[in-house]
There are 2 protein chains.
Amino acid sequence: MDETVQEFAFEGMLAPSVPRPEPRFKGHPTYNFIGGHNDPEQIPTERLAQAAARALEKHGRKLAMYNLGEGAQGFTGLREFLCAKLAAKRGIRCTADDILITTGSNQGIDLVNRVLVQPGDTVLIEEFSYAGAIGRARGSGANVVGMPLDSDGIDVERLAAILERLRSSGVTPKYIYTIPTIQNPTGSILPLERRHELIRLAGTFGVPIFEDECYADIVWSHDAPPSLHALAPGRVIHIGSFSKSLAPALRVGYAVADWAILGRMVAMKADGGTGAVDQMVAAEYFGAHFDPHIQGLAAALKRKRDVMIEALHEEFGTSADVWAPEGGIFVWLKLPDQVDVRSLTAAALDAGVAFNPGPDWACDGEAARSYMRLCFALPSAATIREGVAELARVCFEQTGIPSRSGNRLRQPLPSANG
Amino acid sequence: MDETVQEFAFEGMLAPSVPRPEPRFKGHPTYNFIGGHNDPEQIPTERLAQAAARALEKHGRKLAMYNLGEGAQGFTGLREFLCAKLAAKRGIRCTADDILITTGSNQGIDLVNRVLVQPGDTVLIEEFSYAGAIGRARGSGANVVGMPLDSDGIDVERLAAILERLRSSGVTPKYIYTIPTIQNPTGSILPLERRHELIRLAGTFGVPIFEDECYADIVWSHDAPPSLHALAPGRVIHIGSFSKSLAPALRVGYAVADWAILGRMVAMKADGGTGAVDQMVAAEYFGAHFDPHIQGLAAALKRKRDVMIEALHEEFGTSADVWAPEGGIFVWLKLPDQVDVRSLTAAALDAGVAFNPGPDWACDGEAARSYMRLCFALPSAATIREGVAELARVCFEQTGIPSRSGNRLRQPLPSANG
C-alpha cells in the first residue's frame, strides 16, 4: 500500500439525517425477550436439509436466471403452495398471478407505502402495533392516527367516529393498517362481526384495508375467522410471512392484492428478486409438512406462553396487567402508570434482560410508557422463568414495583432509600 | 363474499410518480441477450444440493433468529470466506468485521447513495455504465457526470480535467463510481498505473472511489491488477456479488468499507437480514469449490464470448464496432451513427431477439443511441449464432444496415422500397 495514501474523513461527506454507525454486534443478552425470534428447537433442521437438496436437484439450473427465469412475482412453486394454504387456512381465493413474493413482509410494507402514501397523507394504525409498520408509515411522511384497541382488537365503533371526524376535516386516510389475527403486540383475534363492520367502514369511507397476517398461522384459542381479504378481496391488501411459521432468517414474505396495487408493487420492487434458495426451501418443506409443522410449533409456543404468563403472575402479581395472547410469540403487558419502562432498559440489560419498550410499539409513544412487549419464543422455559424474575428484581430496584414477588415481600435496597 | 362489497378504484389513491403496473410476465424471448443471466450448464446443481444440506445440518437451528443470531453484517461463515477470497484474488486485506453482506450488490449501491448523496449532489460515473448504478444515483437526486472511457477503462487525464472544472465551479462530487475490472458494459480492465492515478486524483480532489467488482471473478485475458480497495482502503468503498460467479437468483452481494461508511450502511439496511439459506449455500459451496468452479465457468463463458464475436463479425461485418471483453458476460458494440438501436427493439422482439439498448447503459443516453449490449452467458452457442443472424436481419430491414452478412449481399425488402 502506498504510504502517502491518506484516509478520508468521511464524516464530512454524509447526506443529512444519516444515522450514527451501527454499534458493533456484541452477541445477544442472556434473557432475550426482544424482536421476533422463534424457537430453535422447532427448526426442522434435518427435513430442511432434505428439502433444500431436493429443491436444488429439481430447480438448480434455474438459478442461472434472475428470478429463476419465472418473472418478478417470485418462485412459482412457492406461490402455488401459498394459493393452497391461503385458501385452506384463511379463506382467500387467489391464483399464483395474484401473489407477489417479497423479501420479508417488511418489503411488502415498504412497497404499499411507496405505492399509496405521499408526505402529508394520513394513515390509520392500531394504537399499539408493529414498530416497523409505524416507522415505515412515518418514514413515508404519513400522519399516523391510532385506532383504539380492546381485547378483541380494533374498537370499530370508535374507529367509525375517527373516520367521521377525519372526513369532516376533508381527510381520506390512505389505508387502515391492521393485524387482525394475533394482533402485534396485543395477541388478539378480531371477531367475525367486527371484520364485517371494518369492511363496511372501509367501503363507506373509501379507505383500503392493509391487512398484515404475519402471525395468523400460530393460533391456539379457537379457529380464527377468515382473513379480511377473504371477506372483501377488492378492499384489502393482504401481506404475510414465513418468519413466524418457519424461520425469520429466511427472508420470505408475500402480498396478495388487486393488480392495480400489486402490479405497481412488482414494478417498484427492483431488488433483482427475492432470495431463490430461501424460497425453494420454504416451498419444498411446507409443500410436504405444513400441517404437522404448524401443529408442533403452535403447541411448543403455547407451552412457552403459559410459562411466561405464569412467571409474570408469580413475579409481578397484580402489578402487571397482562394481555394474554391467543397465538403468536409475544406477551404485551402494562405496569402501573408511574413506571416508565424506558427507565428500566439500561439496568435490565446490565442484568442480561432485553425487552421491547411499549413506546416503540405504539402510535402515541408517551401514552404507552408503562407497557412492554416480551417475546417468549426463543428462550427455554427455564430461561423465561429466570429472566422474568430478573426483570421483576430490576423493576423493583428502579421503581419500587412490584413490592411483592411470589410469596416474598421485596425489601427496598439500602441505596434506593438513602 | 358479501355481494354488496364493491372494489375500490385504486387508481385514484396512488402516490405521485408511481409507475404503471408491471406488464404480466409472458416468458423470455428465444434469443435472450438482455440482463445479467448466467449459463445454466454451469450451475453445479448436485454440489449445491449437497452444500445446502450440509450447511442446514450444521447451522439450521440458527434460522430461528433474525440474522442467524450473528448480527446485521451477515452470516459469519460467508464473511470469512470472503476475507480469504478477497485477499487471495483481489489483494484486499480485511476482516469479517469490515464486511457487510448485502441482498444483492444493488442493495450496496442503494445504501452507498443513501449514506452519501442528497439531491443536487454531483457524482461521477463511467460514460457507459451499469444502468442500475446510473438509475440509483439519479433516483437519489444526483447530477450524474460521465467519465470518458477507452478500451482500457477510464481516461484518467480527461477525468482530471473534469475534476478541475468541477472544482472551479465549487463542486466536490460525492463519489467516483467505477467498475475497474471487467467494466460493464465495455468489458475492459483498468491498468495498474491508471489505478494509481485514479487513487491520486481521489485524494487530490477529496472524492471517494466507489468500486464495483461484480465481474472481477471472471477474467480471461490476463491477471487483473489488484482492486482499488487493495491499493487505498481508506479511499475506496468496495462492493461485489455472487450473481456472476455463482448465480444471479441468489441474492447475495457484499460491501467492504471504512466503518464510518459501512457502519452507516449497516444501520440503514433495515431489511431483517439477507436471505440466510442463500448465504449458507454460497459459503458452503465456495468454501470447498471456488477455484475449480471459477475456472470452469470462465472457460465456458469465454467459448460463448468467442461464438458471439465470431457471429457478430460474420453477420454485421464492419458495421459493428465490437468492444471485445476481457471477461464477464457482455459484448458492447456500436452500429453506424445513423442507426438508433431503440428503433429496432420492437421488431427484434417480434423476431424473438432481446438486447439492451445503449442509451440505458450510458450517462448521456442520446449519445449512446447507436450502441447495444448483448449478454452471451445464457443462450447456447447455436442460439447465439441464430439470434445474432436474426438481429442482423431485423437491423437491415429497419435501417438498411448491415447490407452484407457473411458472403451474402442483403436485398432490400420490397415493402421497404415501396
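Placed above this text is the structure.
Residues numbered from 1 in each chain as written. Chains lettered and ligands numbered in written order. Predicted model: local features only at pLDDT ≥ 70, side-chain atom pairs only at ≥ 80, totals over all residues. Heavy atoms only, no water.

Draft legend 1. Geometry of the overall build of chain A. A tally of regular secondary structure across chain A gives 12 helices and 17 strands. Relative to the 2.2 N^0.38 estimate, which gives 22 Å for 418 residues, the radius of gyration of chain A is 23 Å and therefore close to what a compact globule would have. Taking the principal axes of its C-alpha atoms as reference, chain A extends roughly 70 × 65 × 55 Å. By residue count, 63% of the 418 residues in chain A fall in the buried class. For chain A, long-range pairs separated by at least 24 residues make up 73% of all intrachain contacts whose partners lie at least 6 apart in sequence. Here chain A has roughly 15,200 Å² of accessible surface; of this, 49% comes from carbon and sulfur atoms. Between the averaged position of the 41 positive side-chain charges in chain A and that of its 49 negative side-chain charges there is a distance of 2 Å. (Helix = DSSP H or I, 4+ residues; strand = E, 2+ residues; numbered from the N terminus. Rg over C-alpha atoms; globule rule 2.2 N^0.38 Å. Buried < 20%, exposed > 50% of the residue type's maximum accessible area, 1.4 Å probe, protein only. Contact = heavy atoms within 4.5 Å. Areas by Shrake-Rupley, 256 points an atom, 1.4 Å probe, with all protein chains shown as cover. Lys, Arg positive; Asp, Glu negative; His and termini not counted. Charge placed at Lys NZ, Arg CZ, Asp CG, Glu CD.)

Draft legend 2. Focus on the side chain of arginine 194 of chain B. Residues and elements named next belong to chain B. Along the chain, the position of arginine 194 falls in helix α6 (residues 192-205). Separated by 3.5 Å, the side chain of arginine 194 and the backbone oxygen of aspartate 152 make a polar contact. Non-local contacts of arginine 194, meaning those with residues more than four positions away in its chain, are made with Asp150, Asp152, Gly153, Ile154, Asp155 and Val156. (Polar contact = N/O pair within 3.5 Å; in protein donor to acceptor, adjacent residues only side chain to side chain.)

Draft legend 3. Quick look at the relation of the copies chain B and chain A. Superposition of chain B onto chain A requires a rotation of 180° combined with a translation of 0.0 Å along the rotation axis, giving an RMSD of 0.0 Å. What the superposition gives is, in effect, a two-fold axis relating one chain to the other. Counting the interface residues of chain B, we find that 99% of their copies in chain A are interface residues as well, pointing to one common contact surface. (Least-squares fit on C-alpha atoms with pLDDT ≥ 70 in both.)

Draft legend 4. Layout of the pairing of strand β3 (residues 122-126) of chain A. Residue and element names in this part refer to chain A. Judged by how many residues are buried, β3 sits mostly within the fold: five of five residues are covered. For β3 and strand β4 (residues 143-147), the ladder comprises five bridges, and the chain directions are parallel. Looking at the pairing, isoleucine 125 lines up with glycine 146 of β4. As for the winding sense of the linkage, the β-α-β connection from β3 through helix α4 (residues 131-139) to β4 is right-handed. Here β3 pairs with strand β7 (residues 176-178) via two bridges, running parallel. Note on β7: the bridge partner recorded for leucine 124 is isoleucine 176. (Pairing = 2+ DSSP bridges. Right-handed = clockwise from strand over helix to strand, strands pointing away.)

Draft legend 5. Here's a closer look at the packing of helix α3 (residues 105-116) of chain A against helix α8 (residues 259-269) of chain A. All names here are of chain A. Two numbers describe how α3 lies on α8: the axes approach to 9 Å, and their chain directions differ by 110°. One element, α3, and the other, α8, form an angle in the roughly perpendicular class. Mapping the contact onto sequence places Gln107, Gly108, Leu111, Val112, Arg114, Val115 and Leu116 in α3 and Ile261, Arg264, Met265, Met268 and Lys269 in α8. Among the residues making up the contact of α3 with α8, the classes are represented as seven nonpolar, two polar and three charged. (Axes fitted to C-alpha atoms, helices over the stretch in contact; angles between N-to-C directions. Parallel < 35°, antiparallel > 145°, perpendicular 65-115°, else oblique. Nonpolar A, V, L, I, M, F, W, Y, C, P; charged D, E, K, R; others polar.)

Draft legend 6. Structural view of the environment of leucine 297 of chain A. All names here are of chain A. Topologically, leucine 297 is positioned in helix α9 (residues 276-316). On a C-alpha basis, the gap between leucine 297 and leucine 246 in space is 8.8 Å, while along the polypeptide they are 51 residues apart. Here leucine 297 is in contact with Asn38, Gln42, Ile218, Lys244 and Ser245, once residues within four sequence places are set aside.

Draft legend 7. Quick peek at the interface of chain B and chain A. On the chain A side, the residues contacting the 96 residues of chain B number 95 residues. Carbon and sulfur atoms supply 63% of the area that chain B and chain A bury against each other, a total of about 8,100 Å² over both sides. Of all residues in chain B, Phe10, Tyr66 and Arg264 of chain B bury the most surface against chain A, accounting for 9% of the area lost on that side. The interface formed by chain B and chain A contains four salt bridges. (Buried area = accessible area lost by both parts, 1.4 Å probe. Salt bridge = Lys/Arg side-chain N within 4 Å of Asp/Glu carboxyl O.)

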